[in-house]
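# Tertiary structure, described
What follows is the residue order along each chain.
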Amino acid sequence: MGNILIRDTLLVTVDELRPGYFFGDILVQGDKIARISEHPEKIDFKTAGLVIDGKNLLVMPGLVNTHGHAAMTLFRSYADDLPLFEWLEEKIWPIEKHLTADDIYWGSMLAICEMLKGGTTTFKDMYFFMDQVAEAAAVSGIRAFLSRGMIGIGDSAATSLKETEQFIQNWHGAEGGRINVTLGPHAPYTCPPPYLEKVMNLATKSGRSLQIHLSETKREVEESIAQHGVSPIELVYRLGLFDHKVTAAHCVHVSERDIEMIAEKQVGVAHNPGSNLKLGSGVAPVAQMLAKGIKVGIGTDGASSNNNLDMFEELRLASLLAKGLATDPTLVDAKTALRMATVTGAEALFLEDCGSLKEGWKADLVGLRLDVPHMTPMHDPTAQVVYAASAADVDLVLVDGRLVLEKGELKTIDEAKVRAEAARCAARLVGVVAEKEGK
Ligand code: NI
């Protein structure tokens, strides 16, 4: 990996210690940001193996997608306009039964193509056949936090724990630390307390963090109160789950008491505004959580409930929803929304030294094109990124110091092949389901 210098560019650092934006140069050495200069001070271009002219770019940290199910790209627009439980039980679970390792590989690759092209440099995934997801992440160059999703009821309960243990051994820390393995108990309603105890034992033994879906729907909370007498969040709090490093996905239906528990235990939250809206689940009280100091990152969730993986759309939604719901335009301002999608998202995943453009931090960065109508003029670059930019503006992506997207083209993946293979897998799956149902 040679040195890469991006010269004469507009830098949005998302670093509290620097001005919000300035013109300068940024030098990457190995997997790290080695130097950032602010003009008129310039970095000597002779120090770099590759010099990129950044005049037409806005360079910012890569986006961190804190929650998703990558291979669900295969079910994009397969089941829409349904409530969560109907969507899951009648459409998604019946087709997921037929997924093969090959499907997962190509579905994940498709997701990674979309994410990298849209400026996402880190993603969190919870699914199965995780060796294939890790392989796709390894080949593509993206940073990944991967969990074998665990369901504590039914046949797969014991095997998914074993598979998780094996998966940690096989992949955690691979690719120079770019691939991370975490534990993925699906949710309290699919993982009863005795099972969660086993998951926590593995967390203690392995030292790995966890991700779990919590309080996504009103029904989930009502059923937890009926069955256990407490909310899903209080249930896992009492079990001691939050004594581990936990990222909680959704947290839509949370009480003040729930928020207190999340804050007390420094649980990271993955806010998925698009998916929550589309499934009619509601809107998480993000402004209240942020006010309590909770690390709230942003996620797309799977492409079957979104239906794309465009983090720009999500960060804009996060800001607009908070304002609109409270009729207060000052809430989740542009700076906060951009932090949520970058450095705060990294913190919510317990990922250190990533998510800001800072010397010594990981060189995960993206360049957005400026020569498009909606990026002109440029009074406030942070506001422009949050309220005007989109995934289609991404022109340049570096992950871990490696150039993975240049002039909008993927360098590590044959995109046309990935699209063809994913379409083949999706068509086969739909065919199998139609046959089983005798249609
Ligand atoms: Ni999810």
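Look above for the structure.
The following paragraphs examine the structure supplied in this document. Model, not experiment: these values are computed from the prediction.

## Examining the overall build of the protein
- Helices and strands together make up the secondary structure of the protein, namely 16 helices and 17 strands.
- Over its C-alpha atoms the protein spans a radius of gyration of 21 Å, differing by no more than 12% from the 22 Å that the globule rule assigns to 439 residues.
- Taking all 439 residues of the protein together, the buried fraction comes to 58%.
- For the protein, the share of sequence-separated contacts (at least 6 apart) that also reach a separation of at least 24 residues comes to 72%.
- Accessible area of the protein: about 17,000 Å², with a carbon and sulfur share of 52%.
- Charged side chains of the protein number 44 positive and 59 negative; the gap between the two group centres comes to 3 Å.

## With respect to empty space enclosed by the protein
- Applying the stated criterion to the full structure yields one cavity of 30 Å³ or more.
- Size it by volume and the largest cavity reaches roughly 50 Å³.
- Residue assignment for the lining of the largest cavity shows that the elements contributing at least two residues are helix H2 (101-117) and strand S7 (120-127).
- For the lining of the largest cavity, the element with the most residues is S7, which contributes three residues.

## What about the coordination of the nickel ion?
- Surrounding the nickel ion are the protein donor atoms His 67 (NE2), His 69 (NE2), His 213 (NE2) and Asp 301 (OD), which sit 2.1 to 2.6 Å from the metal.
- Relative to the metal, the four donor atoms surrounding the nickel ion lie at angles of 83 to 173°, and the coordination shape comes out irregular.
- As a motif over one chain, the donors of the nickel ion read H-x1-H-x143-H-x87-D. Note on accessibility: His 67 and His 69 belong to one class, buried.

## With respect to the packing of aromatic side chains
- Counted by the stated rule, this structure contains six aromatic pairs.
- Ring geometry for Phe 75 versus Tyr 78: centroids 6.1 Å apart, planes at 45°, classification tilted.
- Geometrically, the ring pair formed by Phe 85 and Tyr 189 is tilted, given 5.6 Å between the ring centres and 55° between the ring planes. Placement of Phe 85 in helix H1 (residues 84-96) and of Tyr 189 in the loop between strand S9 (179-185) and helix H6 (193-206) is noted, with a sequence separation of 104 residues between them.
- For Phe 85, a relative accessible area of 11% puts it in the buried group.
- Classification of Tyr 189 by relative accessible area gives partly exposed; the value is 27%.
- Among the aromatic residues, those joined into a ring-pair cluster are Tyr 127, Phe 128 and Phe 129.
- Lying over the aromatic face of Phe 45, Lys 46 brings its terminal NZ or CZ to 5.3 Å of the ring centre.

## Description of the layout of surface pockets
- Approximately 800 Å³ is the volume attributed to the largest pocket.
- Within the residue set of the lining of the largest pocket, elements represented by two or more residues are H1, S7, strand S8 (143-150) and helix H4 (156-171).
- Here the residues of the lining of the largest pocket sort into 16 nonpolar, nine polar and seven charged.
- Approximately 320 Å³ is the volume attributed to the second largest pocket.
- Contributing to the lining of the second largest pocket are 19 residues, with Gln 266, Lys 295, Ala 346, Glu 347 and Phe 350 lying nearest its centre.
- Every element with two or more residues in the lining of the second largest pocket is listed here: helix H9 (256-264) and helix H14 (343-348).
- No other element matches H14, which puts three residues into the lining of the second largest pocket.
- Taken together, the residues that form the lining of the second largest pocket break down as 10 nonpolar, three polar and six charged.

## Here we look at the pattern of salt bridges
- For the structure shown, the criterion picks out 32 salt bridges.
- For Asp 80, the salt bridge identified is with Lys 278, shortest N-O distance 2.7 Å. Pair noted here: Asp 80 is in the loop between strand S6 (63-65) and H1 and Lys 278 is in helix H10 (residues 273-278), with a separation of 198 residues, a long-range link.
- Asp 80 gets classed as partly exposed once you look at its relative accessible area, which sits at 25%.
- Owing to a relative accessible area of 27%, Lys 278 belongs among the partly exposed residues under this scheme.
- Linking Glu 421 and Arg 424 is a salt bridge whose minimum nitrogen-to-oxygen distance equals 2.6 Å. Of this pair, Glu 421 and Arg 424 both sit in helix H16 (residues 415-436), three residues apart, which is roughly one turn of the helix.
- Since its relative accessible area comes to 41%, Arg 424 is described here as partly exposed.
- Each of the salt bridges in this network shares a partner with another, and the network as a whole consists of Asp 102, Lys 417, Glu 421 and Arg 424.

What counts and how
- Residues numbered from 1 in each chain as written.
- Predicted model: local features only at pLDDT ≥ 70, side-chain atom pairs only at ≥ 80, totals over all residues.
- Heavy atoms only, no water.
- Helix = DSSP H or I, 4+ residues; strand = E, 2+ residues; numbered from the N terminus.
- Rg over C-alpha atoms; globule rule 2.2 N^0.38 Å.
- Buried < 20%, exposed > 50% of the residue type's maximum accessible area, 1.4 Å probe, protein only.
- Contact = heavy atoms within 4.5 Å.
- Areas by Shrake-Rupley, 256 points an atom, 1.4 Å probe, with all protein chains shown as cover.
- Lys, Arg positive; Asp, Glu negative; His and termini not counted.
- Charge placed at Lys NZ, Arg CZ, Asp CG, Glu CD.
- 1 Å grid on protein atoms, 1.4 Å probe; cavity = no way out; pocket = protein on both sides within 12 Å on 5 of 7 lines; lining within 4 Å.
- Points joined across faces, edges and corners; volume = space filled by probe spheres on them.
- Donors = N, O, S within 2.8 Å, 3.2 Å for Na, K, Ca; no water.
- Tetrahedral: all angles 85-135°; square planar, octahedral: opposite > 155°, others 65-115°.
- Phe/Tyr/Trp six-rings, centres within 6.5 Å; stacked < 30°, edge-to-face > 60°.
- Lys NZ or Arg CZ within 6 Å of the ring centre and 35° of its normal.
- Nonpolar A, V, L, I, M, F, W, Y, C, P; charged D, E, K, R; others polar.
- Salt bridge = Lys/Arg side-chain N within 4 Å of Asp/Glu carboxyl O.

Everything listed is a geometric property; what it means functionally is a separate question.
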